[in-house]
Structures are given as structure tokens and as C-alpha cells.
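Below are the chains, spelled out letter by letter.
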Amino acid sequence: MNFSIRFYVCNVYAEDLIMTEENKQNKQRAQEKIKLIELYRQFNGRFPTIENVWCALLQPALVAMLIFCRECQSTNFIRKVGTRKGKCQRCGLWQSLTAGGYLSNTRRPRAWLFSLNLVAEKQFFSTELVHEVVGVSQSSAAHIFKTVGFAVGTKLDEDTEQVQSSVFKEVFCHRSRETPKDKHPAEEEKYFERSENESQADANVSLPSEGAAQDEVEALKSLFATLSESEQKIARLLSSTPVHADILTRDSGLSVPLTASSLTFLELAGVAARLAGDRYVLAETTVEKNAKLRNGAADANMNSELSQSQAEVLPLFLAFCRRIFSGLSRKWLHYYLAMFSCYLDEHKWDYAAISTACFEAGYIGGRRLLNYVSPRFVRLPIQASSI
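Thresholds applied
Residues numbered from 1 in each chain as written. Predicted model: local features only at pLDDT ≥ 70, side-chain atom pairs only at ≥ 80, totals over all residues. Heavy atoms only, no water. Helix = DSSP H or I, 4+ residues; strand = E, 2+ residues; numbered from the N terminus. Buried < 20%, exposed > 50% of the residue type's maximum accessible area, 1.4 Å probe, protein only. Contact = heavy atoms within 4.5 Å. Areas by Shrake-Rupley, 256 points an atom, 1.4 Å probe, with all protein chains shown as cover. Pairing = 2+ DSSP bridges. Axes fitted to C-alpha atoms, helices over the stretch in contact; angles between N-to-C directions. Parallel < 35°, antiparallel > 145°, perpendicular 65-115°, else oblique.

## Details of the overall build of the chain
A tally of helices and strands in the chain yields 15 helices and eight strands. Here the chain holds 387 residues, and 40% of them are scored as buried. When contacts within the chain are restricted to residue pairs at least 6 apart in sequence, those whose partners lie at least 24 apart make up 69%. Carbon and sulfur atoms provide 53% of the accessible area of the chain, an area that totals close to 21300 Å².

## As for the sheet that holds strand 3 (residues 94–96)
The three strands lie next to each other as 1-2-3, forming an open sheet whose pairing is antiparallel. Two strands lie at the open edges of the sheet, namely strand 1 (77–79) and strand 3, each paired on one side alone. Direction aside, neighbouring strands of the sheet carry axes that sit 35° apart on average. Where strand 2 (residues 85–88) and strand 3 come together, three bridges link them in antiparallel fashion. In the sheet register, Gly86 faces strand 3, and the bridge partner there is Gln95.

## Let's talk about the sheet that holds strand 5 (residues 243–244)
Spatially, 5-7-6 is the arrangement adopted by the three strands of the open sheet, whose pairing is antiparallel. Each edge of the sheet is formed by a strand with only one pairing partner; in this case those strands are strand 5 and strand 6 (272–275).

## Quick word on the pairing of strand 7 (residues 279–282)
Note that strand 5 and strand 7 share two bridges and pair antiparallel. By the bridge assignment for strand 7, His244 is matched with Arg279.

## Some words on the environment of Arg90
When you line up the elements, Arg90 lands in the loop between strand 2 and strand 3. Separated by 18 residues in sequence, Arg90 and Cys72 place their C-alpha atoms 7.5 Å apart. Residues contacting Arg90, with those up to four places away along its chain left out, are Cys72 and Ser74.

## Topic: the packing of helix 5 (residues 138–153) against helix 14 (residues 351–361)
To describe two helices that pack against each other, one gives the angle between their axes and the distance between the axes. Interaxial distance between helix 5 and helix 14 falls to 8 Å at its minimum, and their mutual angle equals 85°. Accordingly, the angle class assigned to the pair helix 5 and helix 14 is roughly perpendicular. For the pair helix 5 and helix 14, contact is made by Val148, Ala151 and Val152 and by Ile354, Ala357, Cys358 and Ala361, respectively.

As C-alpha cells, this is what we get:
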């Protein structure tokens, strides 16, 4: 009898704990929703019309001269009120100012501007709440924030230190398309390391000798000598910095069809590489790729111990992920680190900086995001003065 009473009391106590935890979570979610509703109300007060929205979205790129006329390469436009269309002041051509950029074909500019402002103001909410308050689908909200994180992530070279992704394993609790079937999300790291090691082993087997590398350089020189005059003009304009095809046309003095055909041949010959937004860079030679493979092999043997600055920032990042996102997935680790960098440095990552980074990243489509996987070595921000 006493045992039955004790068992009943324990069950009641456990149920009370569960209900208390659920009530606590519901109360916290309700508070966050109220806060987001108030932020959205204030935002709509600042940007009441669609003209205000488009002006705020496009102004940073126009000031930084990141939008070019596709006909004459001018950066001076007169924008049509309430739209994304602009008229080039030099040639008079009307065109979309978002074509080829991260806002290309977007139907919800207000949602994009609100999301950019949330990140700039260090206000982070779940995509479910953004869906409920702003009115966009949860997948669209996730796409917006991932696009912003992807763009900011390309600028994480400064004020960051390289660490292995395995140090974040304790917060890998969200599944992704990379998570092995019937496995915990943390197992994704093990499978990723295994596939990386196998790829590295295959690469190391095929590394050429120094003599072979020298022969390859000579082969590349011979290849360049076989290029036509127009192809050589284009090749000399290429570098590691992406450049738009229209700019290549302008600087080379060639016609648009001749530039296009030259770029196509250079791609096939392995001299040029095409990026998103019709931009081109000088392709890596096999020599450079092999050098990177050697450096990668050396990095794989790096000591996994964290530096003092990394050890100080890591708990802050883990707490940030638990509080805002309730954990993370390994696939999107680079995205979470980018959001954390915005959270840390409020002076560097203001609205103008975030918007400019998005424009410089070009068009980031859903397929590109879907296929993205965070690398083995990622960049951890080390400035924690604002927390």
C-alpha cells in the first residue's frame, strides 16, 4: 500500500514538472512573440510605404556602386518611385536594379528588409515566429536568414580564428539532409570526418611531384599561347576577384557576342571559372589546387586544442545557439557562426554592412543553399566585448 502511494505521488510530481516546463516554454514563446510583434509595428512605422522599403533596400548598394547598367556599365540611376526599376542616367535604359542579386525576383521586399533590420539590431527569433508575425512562410523566412548568413559568412576572415567543426558537437541536435538515417544529428560529424579523410587520402595519392608541377606550368603557358587575341584579352582581365561579364566586355573593347564566346572557350579550357550572377574569375591551376591539398593535409594534423581566445568565446556561442535556436545542425554551422558574428560586433555589422555583403554575394538561390555543407574547419569570431 505504501509503495502504491509513493508511486502515485512520484507520477503526480513528474507530471507537474512536465507541465511546469511546458508552461515555462509557452510563456517564454509568448513573450518573444509579443516582442517581435512590437518590433514589426515599429518597423512598419519607419517604413510605411513600399517606396520607403525599396529605397532602404537599394540605397546601400547604390551608394557603394555595386549596381551596374548592363548596357554602359554606369552606376548612376534614377529609380522609379515604389519599384525596383531604375533608369540609367548615361544611356537611358530602364532595368531591374535587383537582377542577378540576392533580391532577384523577390516578391516580399518588406519581409527582406525587416529580416535584415532584425539581424542588424541583434534581434534573433525562430523562423516559426517570423512566419506567424510577418506573414511569410516558414521556409521563406528560413531562406531569407540563411541567405543573410551565407553572405555574412563570406566576410568572416577578419577577427576570427579557424577551428574544427567537431568542437561544436554537443549542440548538434537538429537534423538535416546530411544526417545519416536513424542516427542522432551529432553522428553527422563522424560521417563527415570519415568522408573527408577518405577524400584526402585519395587526393594525397594523386599529388604530383615538383617536376610534374613544373611541367604543368609549362603546359599552361603553352595553352595560353594557343588562345586567340580576344581570348587572351579576356584572360588578362581575370583574377581571383569576381568580375561581371559586362565589365569584361567594356574593358576589353570586344563585342558582347565575342566576349561571350571567348568566356565559354576559356571555361572549357580551364582558364576561367563562372560564378553566380554572370561573374567570372581566373580558375585555379592544378598546381594551386595541389598546394591547397598539401596545406589541407597539414591542417588535418593540427592540434585540436583551442586557444585561450577560442576557449573564452566558445561557451558564449554555445549558449547563444541554445537560447536562440535550441541547438543547431552541423550542415548549417557556418550560418550560425555568421549570425553569432553579427551578434558580437554591433559596430562592424550594421545594416549598411550586412546589406552590402548580401549584394556582393550575388544571387544565392535555394538550390545553392540546399547543397551547401559547412566545411571541416570553420571561422569562430573572437571578439566578445559586446556580450
